[in-house]
Protein chains: 2
Amino acid sequence: MSFFSQLNEAIKSNHSLLCVGLDPDPTLMPTGIGILDFNKSIIDATKDLVCAYKPNLAFYEAEGARGWEALKHTIAYIPKHIPVIADAKRGDIGNTARAYAKAVFEELGAGAVTVNPYLGFDTIEPFLDYGDKGVFILCRTSNKGSADFQSLTVEFNGRQMPLYQAVAERADKENRNGNIGMVIGATCPEELNAMRQAHPDLPFLIPGVGAQGGDLRLAVEYGADQRGAGIIINSSRQILYASRGADFAQAARSAALELRDAINACRRI
Amino acid sequence: MSFFSQLNEAIKSNHSLLCVGLDPDPTLMPTGIGILDFNKSIIDATKDLVCAYKPNLAFYEAEGARGWEALKHTIAYIPKHIPVIADAKRGDIGNTARAYAKAVFEELGAGAVTVNPYLGFDTIEPFLDYGDKGVFILCRTSNKGSADFQSLTVEFNGRQMPLYQAVAERADKENRNGNIGMVIGATCPEELNAMRQAHPDLPFLIPGVGAQGGDLRLAVEYGADQRGAGIIINSSRQILYASRGADFAQAARSAALELRDAINACRRI
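Reading the values: rules and limits
- Residues numbered from 1 in each chain as written.
- Chains lettered and ligands numbered in written order.
- Predicted model: local features only at pLDDT ≥ 70, side-chain atom pairs only at ≥ 80, totals over all residues.
- Heavy atoms only, no water.
- Helix = DSSP H or I, 4+ residues; strand = E, 2+ residues; numbered from the N terminus.
- Buried < 20%, exposed > 50% of the residue type's maximum accessible area, 1.4 Å probe, protein only.
- Disulfide = S-S within 2.5 Å.
- Pairing = 2+ DSSP bridges.
- Axes fitted to C-alpha atoms, helices over the stretch in contact; angles between N-to-C directions.
- Contact = heavy atoms within 4.5 Å.
- Parallel < 35°, antiparallel > 145°, perpendicular 65-115°, else oblique.
- Left-handed = near helix turned anticlockwise from the far one by under 90°.
- Salt bridge = Lys/Arg side-chain N within 4 Å of Asp/Glu carboxyl O.
- Least-squares fit on C-alpha atoms with pLDDT ≥ 70 in both.

(A) Seen up close, unusual backbone geometry. Even without a glycine there, the phi angle at A:His15 is positive, about 45 degrees. By secondary structure assignment, the location of A:His15 is in the loop between helix H1 (3-13) and strand S1 (18-22). Taking relative accessible area as the criterion, A:His15 reaches 42% and is therefore assigned partly exposed. Unlike most non-glycine residues, B:Asn157 shows phi in positive territory, near 50 degrees. Among the structural elements, B:Asn157 can be located in the loop between strand S6 (153-156) and strand S7 (159-162). Judged by its relative accessible area of 55%, B:Asn157 falls in the exposed class.

Written as structure tokens, this is what we have:
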């Protein structure tokens, strides 16, 4: 089954647009627990509440080869009906991009990946060629500095627009396998609104609620498509680190349940 | 010693601006040899001919945890006086960028890294904070698709310029630790020329000669600074895969020697 079909099934079965970011940070985790055991506890506690999991590769790479091993085992542990997005933000040329695609899709076994568009579309194609996999292209990210370049006004197709809109227009045109999504931060709701108006059918991966301060209601109202879906709301720290005590998994479940229901309360369905 | 001091020492002692890209591709390597042994043979054969080595992380990640282990051992095997650039092209926000910086500088032990500017400068700062490490920012890359977004005209500081120039202007301004370099492909010599005129002192990492078709003479003439240095010319496939036979290391040495001398013949020193 393709990533987006699997995602839509998980959205329905768990009645959830919530994605939990599996970002194990040793400075925030409960003491005395390893990455893999931490992740397993989080997955056990939340797997009936989420539409996807999104491990960010940085936190695993920081632990070297052991971290990669933990990431691979984490992905294998996630129930098969819950899709996994490898948050890798990769971007490289030709044969190198193919090696990255092999790493995330074949070696790690993820169902989708995040990629960076700065190097151009020929660097994204090796990911898109995996037609059953999802490819989320960074568009307007959730950090303060995202405006540095993403919001610069460019001339594109004879019109003036912010760079991130040019990225999305091009993405829409290149979406021959129907496996492209966009990453747009909850911290910029006006941009999210404009993007949904311009691209009614593209799936949006939306980080930035919770610790980063994005407005949840606006993210759902502006981001959701006409079916009240088409968005994945990611939360990492707010859920993973709801408690640093022995009750961390139960606290994560409570936080995930609360956020899932808060998202659903904003949906027009 | 800082990365750029070490680089300048290696440039002098090996009389070389050549960087060998350690990109082990199993489809091109001699059969029956592992990544680490292949790299060791290449390093042994070329270590007196190069100013730096540049492993691209993609080729190691494609092999999973074993690949990461091979990368770490490869970097440890490189003689201490030859600097190492981790070609990672990373870019992510806040605490995630810090995890990537930890991965490349502390876990892998690289002296420099390549980073992607699309997410903005707050995502590059965690790398720049390692003041003794080098940070090469992607500016104008060597692939065909690099024009898709990098060459779009933007308004920046009240003037019109291509996006990649805006990235370089901002980089020059943020270079308080003096540890920034730029990545500019040999495949776009006019852009390289304009960049050197505008930024006489920034070090340039230049991929794209050899297999990608960049003109070596123009890359050196346009890219070099007033001292006839300030550039690192990278070559990967042309050297690594000069032969697929048992003589691959000797063939790599011959190719590296030839390219080093060809580069030096173009220097105005």
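So, next bit.
(B) Inspection of the state of the cysteines at higher detail. Residue and element names in this part refer to chain B. Within the structure shown, the criterion is met by 0 disulfides over all chains. Cysteine 19 takes part in no disulfide bond, and the closest cysteine sulfur to it belongs to cysteine 51, at a distance of 6.1 Å. The exposure class assigned to cysteine 19 is buried, which follows from its relative accessible area of 0%. The thiol of cysteine 188 is not disulfide-bonded; the next cysteine sulfur, from cysteine 139, is found 8.7 Å away. The exposure class assigned to cysteine 188 is buried, which follows from its relative accessible area of 5%.

(C) View of the sheet that holds strand S4 (residues 112-115) of chain B. All names here are of chain B. Spatial ordering of the open sheet is given by S2-S1-S10-S9-S8-S5-S4-S3, a layout of 8 strands whose pairing is parallel. Bordering the open sheet on either side are strand S2 (52-55) and strand S3 (85-90), each of which pairs with just one other strand. On average, adjacent strands in this sheet sit at an angle of 30 degrees to one another, irrespective of strand direction. Strand direction decides the pairing type here: strand S1 (residues 18-22) and S2, joined by 4 bridges, are parallel. Directly across from glycine 21, in S2, lies its bridge partner lysine 54. In the packing of helix H2 (residues 35-46) onto the sheet, contacts are made with S1 and S2, and the angle to S1 comes to roughly 170 degrees. Those strands touched by helix H12 (residues 248-266) are S1 and strand S10 (231-235), and its axis lies near 145 degrees from that of S1.

(D) The packing of helix H2 (residues 35-46) of chain A against helix H12 (residues 248-266) of chain A, seen in detail. All names here are of chain A. Between H2 and H12, the least distance of the axes is 9 Å, while the angle of their chain directions is 45 degrees. One way to sum up the angle between H2 and H12 is to call them oblique. Remark: the crossing between H2 and H12 carries right-handed chirality. Here Phe38, Ser41, Ile42, Ala45 and Thr46 of H2 lie close against H12, whose contacting residues are Phe248, Ala249, Ala252, Arg253 and Ala256.

(E) Quick peek at the pattern of salt bridges. What the rule picks out here adds up to 36 salt bridges over all chains. Here B:Glu61 ties to B:Arg90 by a salt bridge, and the two come within 2.6 Å at their closest N and O atoms. Note that B:Glu61 is positioned in helix H3 (residues 57-61) and B:Arg90 in strand S3, a separation of 29 residues in sequence. A relative accessible area of 2% places B:Arg90 in the buried class. Connected through salt bridges with shared partners, the residues A:Lys54, A:Asp87, A:Lys89 and B:Asp92 form a single ionic network.

(F) Spatial organisation of the pairing of strand S4 (residues 112-115) of chain A. All names here are of chain A. Judged by which residues are buried, S4 turns out to be covered on both faces: Ala112 and Thr114 on one side and Val113 and Val115 on the other are all buried. Bridge analysis of strand S3 (residues 85-90) against S4 gives 3 bridges, and the strand direction is parallel. Across the sheet, alanine 86 pairs through a bridge with valine 113, a residue of S4. Inspection of the sheet shows S4 paired to strand S5 (residues 134-140) by 4 bridges, in the parallel sense. In the strand pairing of S5, threonine 114 is matched with phenylalanine 136.

(G) Focus on the relation of the copies chain A and chain B. Superposing chain A onto chain B takes a rotation of 180 degrees combined with a translation of 0.0 Å along the rotation axis, leaving an RMSD of 0.0 Å. Taken together, these values place the two copies in the relation of a two-fold axis. Most of the interface of chain A is mirrored in chain B, where 100% of its interface residues are also at the interface.

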